[in-house]
Amino acid sequence: MYKLILIWLLLISHTSIATETIRIRGSQSEHDSTHNYYVGLIELAFDKINKPIRIQFAPYMVQERALLELQSNRLIDLYWAGTDQQRESELGVVPIPLIKGLLGYRVFTIHQDKEPLFSQIKSLKSLKNITLCQGQHWPDTDIMLAAGLSVITNVVYENMFKQVYVDRCRAFPRGINEAFSEVESRKQIMPKLMVFDDIILHYHFPMYFFTHKDNIQLIDDLKSGLMLAIKDGSFDKYMQTHPTTKHLFPLSKWGNKTILTIDNPFLPQSTPIENKELWITLGNNK
């Protein structure tokens, strides 16, 4: 009996040691419908390499603060965000696009009253007359400004939906993977919020997992696990079945949309845009 108890204690001790704790940020708000998608990707990656983890949630913090915490190796271990040259130089990065580049396909969250206005937009030139909302510390803001678009910024994610609703800005461009679930989750408080997707703004803009540069093992584990999921098809299956991305499929539904493409001058040269298994391309870009 003593030996059995000793073996049981050793097994418990081994499991405790082998389980890795990964600290990530909490959701941006009660309506942050995409947060669970990235949590699930972390779990999928570690499941592929048969390594147990425990995810611990830190309080929500704005993007700039979260990236500073990563750089200082303090409150969080992992953060997902769009990339740029500065972020990749300061942080450790897992260079696998977490939505296969779909974050760079932007549809427009608008008030229903503005639908006639957006129905008249046929070119980038006409889009430049529309005031857009974006996050103050988001790389998207710099990309859009560099393309000559009109952008006003806000630090608080939830406030940008409110700005659209009260006509402080005409649209909040959101990733095609984000917008529909975000609008649906706000139906009770903003019933006239809608997604306008007849035109889509496109630029190369991968969402990556970031961590501290010294977290080499975490980077290697995530990269290995995600690549295994891509190779065996479970990454695509996850996208096709998750509540926030399943509406994107079949991809043929986007073939008749007007896609306006702009340059991303802040995209690192190392971005693996030639690796077709990491990216999804929609429609015929103009």
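In this text the structure is predicted, and so the values were computed from the model without any measurement.

The rules behind these values
- Residues numbered from 1 in each chain as written.
- Predicted model: local features only at pLDDT ≥ 70, side-chain atom pairs only at ≥ 80, totals over all residues.
- Heavy atoms only, no water.
- Pairing = 2+ DSSP bridges.
- Helix = DSSP H or I, 4+ residues; strand = E, 2+ residues; numbered from the N terminus.
- Axes fitted to C-alpha atoms, helices over the stretch in contact; angles between N-to-C directions.
- Contact = heavy atoms within 4.5 Å.
- Core = buried A, V, L, I, M, F, W, Y, C linked by side-chain atoms within 4.5 Å.
- Buried < 20%, exposed > 50% of the residue type's maximum accessible area, 1.4 Å probe, protein only.
- Domains from an automatic or database assignment.
- Phe/Tyr/Trp six-rings, centres within 6.5 Å; stacked < 30°, edge-to-face > 60°.
- Lys NZ or Arg CZ within 6 Å of the ring centre and 35° of its normal.
- pLDDT = per-residue confidence, 0-100.
- Buried area = accessible area lost by both parts, 1.4 Å probe.
- Salt bridge = Lys/Arg side-chain N within 4 Å of Asp/Glu carboxyl O.
- Polar contact = N/O pair within 3.5 Å; in protein donor to acceptor, adjacent residues only side chain to side chain.
- Nonpolar A, V, L, I, M, F, W, Y, C, P; charged D, E, K, R; others polar.
- Arc of directions from axis to C-beta.

**Digging into the sheet that holds strand β9 (residues 193–202)**
No. 1: Strand order across the open sheet formed by 4 strands is β8-β5-β9-β11, with mixed pairing between neighbours. The open sheet has two free edges, formed respectively by β8 (172–175) and β11 (258–261), since each of these has just one partner strand. Direction aside, the axes of adjacent strands within the sheet are offset by 45 degrees on average.
No. 2: Against the sheet, helix α8 (residues 157–165) engages β5 (105–111), β8 and β9, with an angle of about 130 degrees to β8.

**Focus on the nonpolar core**
Burial of nonpolar side chains together is a common tendency in soluble globular proteins.
No. 1: Core analysis: the largest hydrophobic core is formed by 77 residues, its most contacted members being L41, I42, L102, F108, I176, F209 and L226.
No. 2: At 8 residues, the largest contribution of residues to this core is made by helix α2 (residues 35–48).
No. 3: Looking at this core, you find at least three residues from each of domain 1 (20–101 + 206–250) and domain 2 (102–202).
No. 4: Residues in contact with I42, not counting those within four places in the same chain, are I22, I24, I53, I55, L78, W80, F209 and L222.
No. 5: Residues L70, A81, L91 and Y208 belong to the second largest nonpolar core, which totals 12 residues.

**Brief notes about the pairing of strand β3 (residues 79–82)**
No. 1: Alternating positions in β3 separate into two faces, Y79 and A81 on one and W80 and G82 on the other, with burial throughout.
No. 2: Judged from the 4 bridges that link them, β3 and strand β10 (residues 207–211) form a sheet pairing that is antiparallel. Its bridge partner lying in β10, Y79 is registered against F210.

**Focus on the sheet that holds β3**
No. 1: Spatially, the 3 strands line up as an open sheet ordered β3-β10-β4, and their pairing is antiparallel. Only two strands of the sheet have a single neighbouring strand rather than two, namely β3 and β4 (92–94). Taking the axes of each pair of neighbouring strands and ignoring which way they run, one obtains an average angle of 40 degrees across the sheet.
No. 2: Relative to the sheet, helix α10 (residues 216–232) contacts β4 and β10, its axis offset from that of β4 by approximately 10 degrees.

**Here's the deal with the environment of L251**
No. 1: Turning to its location among the elements, L251 is positioned in the loop between α11 (234–241) and β11.
No. 2: Classification of L251 by relative accessible area gives partly exposed; the value is 30%.
No. 3: Distance from L251 to L282, taken between C-alpha atoms, is 6.9 Å for residues 31 residues apart in sequence.

**Some words on the packing of aromatic side chains**
No. 1: In the structure shown here, the tally under the stated rule is 13 aromatic pairs.
No. 2: Feature note: the residues Y37, Y38, Y79, W80, F209 and Y238 constitute an aromatic cluster, connected by ring pairs.
No. 3: Lying over the aromatic face of F161, R186 brings its terminal NZ or CZ to 3.7 Å of the ring centre.

**Side note on the confidence of the model for the protein**
No. 1: The pLDDT averaged across the protein works out to 91; a share of 92% of its residues lies at or above 70.
No. 2: For residues 1–17, every residue scores under 50 in pLDDT, and the model assigns this stretch 0 contacts once sequence neighbours within four places are set aside.

**Re the side chain of Q163**
No. 1: For Q163, the location among the structural elements is in helix α8.
No. 2: Aside from chain neighbours lying at most four places away, what touches Q163 is C133, I152, N154, R168 and C169.

**Structural notes on the environment of N177**
No. 1: Secondary-structure assignment places N177 in the loop between β8 and α9 (179–185).
No. 2: For the pair formed by N177 and Y105, sequence separation is 72 residues and the distance between their alpha carbons is 8.5 Å.
No. 3: Excluding its chain neighbours within four sequence positions, the residues that come into contact with N177 are T34, Y38, I99, L102, L103, T244, T245, H247 and L248.

**Digging into the domain arrangement of the protein**
No. 1: For the protein, the assigned domains are domain 1 (20–101 + 206–250) and domain 2 (102–202).
No. 2: One C-alpha centre belongs to domain 1, the other to domain 2, and the line joining them spans 24 Å.
No. 3: In this complex, domain 1 contributes 23 residues to the contact, which on the side of domain 2 involves 19 residues.
No. 4: For the domain 1 and domain 2 pair, buried surface summed over both sides reaches about 1700 Å², with 59% attributable to carbon and sulfur atoms.
No. 5: Our count for the domain 1 to domain 2 interface comes out at 0 salt bridges.
No. 6: Inspection of the domain 1/domain 2 interface yields 7 residue pairs in polar contact (both at pLDDT 80 or more).
No. 7: Of the residues that constitute the side of domain 1 that touches domain 2, the class distribution is 6 nonpolar, 12 polar and 5 charged.

**A look at helix α3 (residues 63–72)**
No. 1: Q63, A66, L67, E69 and L70 are the residues of α3 that are buried. The buried residues of α3 occupy one face: seen down the axis, they fall within an arc of 155 degrees.
No. 2: Structurally, α3 contributes buried residues whose contacts are with β3, α4 (85–90), α7 (139–146) and β10.
No. 3: Among the residues trailing α3, N73 stands out with phi positive, at a value near 60 degrees.

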